[in-house]
Amino acid sequence: QQQVKQSPQSLIVQKGGISIINCAYENTAFDYFPWYQQFPGKGPALLIAIRPDVSEKKEGRFTISFNKSAKQFSLHIMDSQPGDSATYFCAAIDAGGTSYGKLTFGQGTILTVHP
Amino acid sequence: EAGVTQFPSHSVIEKGQTVTLRCDPISGHDNLYWYRRVMGKEIKFLLHFVKESKQDESGMPNNRFLAERTGGTYSTLKVQPAELEDSGVYFCASSQVYGTGELFFGEGSRLTVL
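Below is a summary of the structure that appears in this document.

Calculation rules
- Residues numbered from 1 in each chain as written.
- Chains lettered and ligands numbered in written order.
- Predicted model: local features only at pLDDT ≥ 70, side-chain atom pairs only at ≥ 80, totals over all residues.
- Heavy atoms only, no water.
- Pairing = 2+ DSSP bridges.
- Helix = DSSP H or I, 4+ residues; strand = E, 2+ residues; numbered from the N terminus.
- Salt bridge = Lys/Arg side-chain N within 4 Å of Asp/Glu carboxyl O.
- Buried < 20%, exposed > 50% of the residue type's maximum accessible area, 1.4 Å probe, protein only.
- Axes fitted to C-alpha atoms, helices over the stretch in contact; angles between N-to-C directions.
- Contact = heavy atoms within 4.5 Å.
- Buried area = accessible area lost by both parts, 1.4 Å probe.
- Nonpolar A, V, L, I, M, F, W, Y, C, P; charged D, E, K, R; others polar.
- Phe/Tyr/Trp six-rings, centres within 6.5 Å; stacked < 30°, edge-to-face > 60°.
- Lys NZ or Arg CZ within 6 Å of the ring centre and 35° of its normal.
- Disulfide = S-S within 2.5 Å.

With respect to the pairing of strand S8 (residues 72–77) of chain A
Residue and element names in this part refer to chain A. In the sheet, strand S3 (residues 19–25) pairs with S8 via six bridges, with the strands oriented antiparallel. Bridge pairing in S8 places Ile21 opposite Leu75. Here strand S7 (residues 62–67) folds back onto S8 in antiparallel fashion, the turn holding four residues, of which Lys71 has a positive phi close to 55 degrees.

This is the structure in structure tokens:
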């Protein structure tokens, strides 16, 4: 079964708008939640990450909101730009597991920002 | 500094043939991972090397897949014999320190099995 569910599958936003991508997880052992950004023809690259002891983390125009009780987290992209057009993956890690690099990914969201 | 490099970028083979994918991690990175994305689905973990040792291979689909990392440098992932469902993009990633959470991914090797 899919342990991290991501929505929407695709998202179209106008330049300057807010992009919001949501993820939900089941495994309460997850304790680190990174977001990866992937441009066409490239590999995923770490964008921003959060640990469950904080409810929000902001880096520039990118913000993660985390709701531990609901087991949900989301990525907000403020003032979205055409250069933000990419596929975004949420992920989760069980740091107590056998492999810290064993990411469990969501299905991905294709974001298109129109100029 | 060179990133993670993967070869080939795209491979098209017939069902039943063998394919070997190669990954060169970032120099000095002891941790090397293989992931796979089947069309439209999530990226899934395959296995994790620490230097030349397999730390976790719980994601390997079956015994048609063989991963090696001789000498703790580059890694190969061999699929033999390939099946239609093996088609997808195979990503390699590496990290320097166990526990940082940041993986550096290569551009992937797209495998098409006809």
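This is not the end of the story, as more comes after the structure.
Considering the pattern of salt bridges
Residues and elements named next belong to chain B. On inspection of all chains with the given rule, the structure shows nine salt bridges over all chains. As a salt-bridge pair, Asp24 and Arg22 come within 2.7 Å of each other at their nearest N and O atoms. Take Arg22: its relative accessible area is 32%, and that puts it in the partly exposed class. The partner of Lys54 in a salt bridge is Glu57, with the nearest N and O atoms 3.8 Å apart. Here Lys54 falls in the partly exposed class, since its relative accessible area comes to 36%.

Observations concerning the sheet that holds S3 of chain A
All names here are of chain A. On the basis of which strands lie adjacent, the open sheet formed by five strands has the order S1-S3-S8-S7-S6 and antiparallel pairing. The open sheet has two edge strands, strand S1 (4–7) and strand S6 (56–59), and neither has a second partner. Across the sheet, the mean angle separating the axes of adjacent strands is 15 degrees when strand polarity is ignored.

What to know about unusual backbone geometry
Cis peptide bonds are those with omega within 30 degrees of zero, and the linkage from Ser7 of chain A to Pro8 of chain A qualifies with -5 degrees. Checked against the element boundaries, Pro8 of chain A lands in the loop between S1 and strand S2 (10–14). The peptide bond linking Gln80 of chain B to Pro81 of chain B adopts the cis configuration, its omega dihedral lying at -10 degrees. Note that Pro81 of chain B resides in the loop between strand S8 (75–79) and strand S9 (88–95). A positive phi angle, close to 55 degrees, is found at Lys71 of chain A, a residue other than glycine.

Re the interface of chain A and chain B
Each partner contributes to the interface: chain A provides 20 residues, whereas chain B provides 22 residues. Both sides together, the interface formed by chain A and chain B hides about 1800 Å², and carbon and sulfur atoms give 52% of it. Inspection of the chain A/chain B interface yields two salt bridges. The shortest N-O distance in the salt bridge between Lys102 of chain A and Asp56 of chain B comes to 3.7 Å. Taken together, the residues of the side of chain A that touches chain B sort by class into nine nonpolar, nine polar and two charged.

A short note on the packing of aromatic side chains
According to the stated counting rule, one finds 17 aromatic pairs over all chains in the structure shown. A ring pair is formed by Tyr25 of chain A and Phe66 of chain A, whose centres lie 6.2 Å apart and whose planes are at 20 degrees; its orientation type is stacked. A residue pair is termed long-range when its members are at least 10 positions apart, and Tyr25 of chain A in strand S3 and Phe66 of chain A in strand S7 qualify at 41 residues. You can call Tyr25 of chain A buried: its relative accessible area is 5%. Taken together, the ring pairs connect Tyr36, Phe89 and Phe105 of chain A together with Tyr35, Phe45, Phe91 and Phe105 of chain B into an aromatic cluster. If you follow Arg22 of chain B out to its NZ or CZ, it ends over the ring of Tyr74 of chain B, 3.8 Å from the centre.

Describing the state of the cysteines
Residues and elements named next belong to chain B. Evaluated as defined, the whole model comprises two disulfides over all chains. A sulfur-sulfur separation of 1.8 Å characterises the disulfide bridge that pairs Cys23 with Cys92. Sign of the S-S torsion, about -65 degrees for the bond between Cys23 and Cys92, identifies this disulfide as left-handed. Here Cys92 lies in strand S9 and Cys23 lies in strand S3 (residues 19–24), a separation of 69 residues in the sequence.

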